[in-house]
Amino acid sequence: MELPIIAASAAFIVVVLLVIVYLSIRVVQQYEKMVVFRLGRTNESMVRDPGLRFLVPIIDRPVKVDVREQFIEVPSQTTITKDNAPINVDFLIYWRISDPLKSVVNVVNFPGALQGVATTTLRAVIGDILLDEVLSKREQINEVLRVKLDEVTERWGGKVTTVEIREITPPRDVQDAMNRQLSAERTRRAVITESEGSRQAAINVAEGQKQAEILKAEGDRQAAILRAEGFSEALTRIFQAASGVAQKTMALQYLEALKSLGASPATKFVIPAEFTRLVEPFTAYVGRSMADNGGGEPPPAAR
């Protein structure tokens, strides 16, 4: 009878010990922080880092906080711009917990509170901007939203890292006007491109004609130079051939001149001094001929 009672008591003690161990040991992941409430109170010293952590059973109540970066999607919101144009905007908010204690103590649902603040902040920011600026300055709007949301969520222990507007949908009439403007801009670019092509083609044609005229003039110049060089060379050769005429031929020409003088009825002749130089080749020729004939009579041409 005593043995079953002892076994039951031992089993009860083991169960109690296991429950105590389960309640007193917690494993905190690397991406988590654990805020411990001891009898309902906590402070900075009760925030536990990642690792194996021990608690006082029943007295301590742990609350784990994920400190990884997260995001929430804000659904499309209808807002009014500064020039009273309604637009629909949806965006993403990236955030993380920077102070685990504040995120547990100061706010019940941080993501829900952040989304509610984001919608009201968006309307306030868009309401101070014109429609054209909303469509063209998306990056500036993202930064303004991030700064304003970060100021609000700081007291909740959160940090807004990035705000990204995904889509901005303007009214239908604004879209039609934008489409017409885009079409006109494309037509303008096409006309400018075509005119630039025509201008470049005309420039290329003019450049080609210019180069052709230059090449033609250069060819004419080279041809004139070659003709002049050929004429000069021909004159040089003619001069060389004339200078190589035999002395006998020149002597015969001088003899013909003397025969003409002898046939003249005049009895007096005025012979210039230069004529004697013309006769010198003839006398030299006669002298050589007589020497060749052994001192005999001069040749018939001399008589």
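Treat the numbers as computed from the prediction; the structure is a model and nothing was measured. (Residues numbered from 1 in each chain as written. Predicted model: local features only at pLDDT ≥ 70, side-chain atom pairs only at ≥ 80, totals over all residues. Heavy atoms only, no water.)

## Side note on the overall build of the protein chain
Next up, step 1: The helix and strand tally for the protein chain stands at eight helices and eight strands.
Next up, step 2: Looking at the protein chain as a whole, 23% of its 303 residues are labelled buried.
Next up, step 3: By sequence separation, contacts in the protein chain at least 24 residues apart represent 65% of the contacts at least 6 residues apart.
Next up, step 4: Entry remark: accessible area of the protein chain is about 21,000 Å², with carbon and sulfur atoms responsible for 59%. (Helix = DSSP H or I, 4+ residues; strand = E, 2+ residues; numbered from the N terminus. Buried < 20%, exposed > 50% of the residue type's maximum accessible area, 1.4 Å probe, protein only. Contact = heavy atoms within 4.5 Å. Areas by Shrake-Rupley, 256 points an atom, 1.4 Å probe, with all protein chains shown as cover.)

## So, the side chain of R48
Next up, step 1: You can see R48 is positioned in strand β3 (residues 47-48).
Next up, step 2: Nearest to the buried, unbridged R48 among oppositely charged side chains is D60, at 5.9 Å.
Next up, step 3: Side-chain polar atoms of R48 contact the backbone oxygen of S45, separated by 2.8 Å.
Next up, step 4: Contacts of R48, omitting those with residues within four sequence positions, involve K33, M34, V36, R38 and R53. (Lys, Arg positive; Asp, Glu negative; His and termini not counted. Salt bridge = Lys/Arg side-chain N within 4 Å of Asp/Glu carboxyl O. Polar contact = N/O pair within 3.5 Å; in protein donor to acceptor, adjacent residues only side chain to side chain.)

## Structural notes on the pairing of strand β2 (residues 32-38)
Next up, step 1: Counting buried positions over the seven residues of β2 gives five, a clear majority of the element.
Next up, step 2: Of the pairings in the sheet, the one linking β2 to strand β5 (residues 60-66) comprises seven bridges and is antiparallel in character. Within β5, the position partnered with V35 by the bridge is V63.
Next up, step 3: Pairing geometry for β2 and β3, over two bridges, is antiparallel. Bridging across to β3, V35 finds its partner in V47. (Pairing = 2+ DSSP bridges.)

## Considering the sheet that holds strand β8 (residues 158-169)
Next up, step 1: Strand order in the open sheet formed by three strands is β6-β7-β8, with antiparallel pairing between adjacent strands. Of all strands in the sheet, those bounded by a partner on one side alone are β6 (70-80) and β8. Averaged over all neighbouring strand pairs, the angle between strand axes comes to 25°, with direction disregarded.
Next up, step 2: Its contacts with the sheet put helix α3 (residues 110-126) on β6, β7 (86-97) and β8, and the angle it makes with β6 is roughly 35°.
Next up, step 3: Strands β7 and β8 of the sheet are contacted by helix α5 (residues 138-153), whose axis makes an angle of about 145° with β8. (Axes fitted to C-alpha atoms, helices over the stretch in contact; angles between N-to-C directions.)

## Details of the environment of I80
Next up, step 1: Its place among the elements puts I80 in strand β6.
Next up, step 2: Separated by 51 residues in sequence, I80 and L131 place their C-alpha atoms 8.9 Å apart.

## Here we look at the confidence of the model for the protein chain
Next up, step 1: For the protein chain, per-residue confidence averages 81 on the pLDDT scale, and 78% of positions sit at 70 or higher.
Next up, step 2: Between residues 299-303, whose pLDDT stays under 50, and residues either more than four places distant or in other chains, the model counts five contacts. (pLDDT = per-residue confidence, 0-100.)

## Focus on the packing of aromatic side chains
Next up, step 1: Applying the stated criterion across every chain, the model contains three aromatic pairs.
Next up, step 2: By way of ring pairs, the aromatic residues W95, F110 and W156 are connected into one cluster.
Next up, step 3: Directly above the aromatic system of F37 lies the positively charged group of R61, at a separation of 4.8 Å from the ring centroid.
Next up, step 4: Above the face of the Y31 ring, R68 is positioned so that its terminal group lies 3.9 Å from the ring centre. (Phe/Tyr/Trp six-rings, centres within 6.5 Å; stacked < 30°, edge-to-face > 60°. Lys NZ or Arg CZ within 6 Å of the ring centre and 35° of its normal.)

## So, the sheet that holds β3
Next up, step 1: Taken in spatial order, the three strands of this open sheet run β3-β2-β5, and their pairing is antiparallel. Looking at which strands have only one partner, the edges of the open sheet turn out to be β3 and β5.

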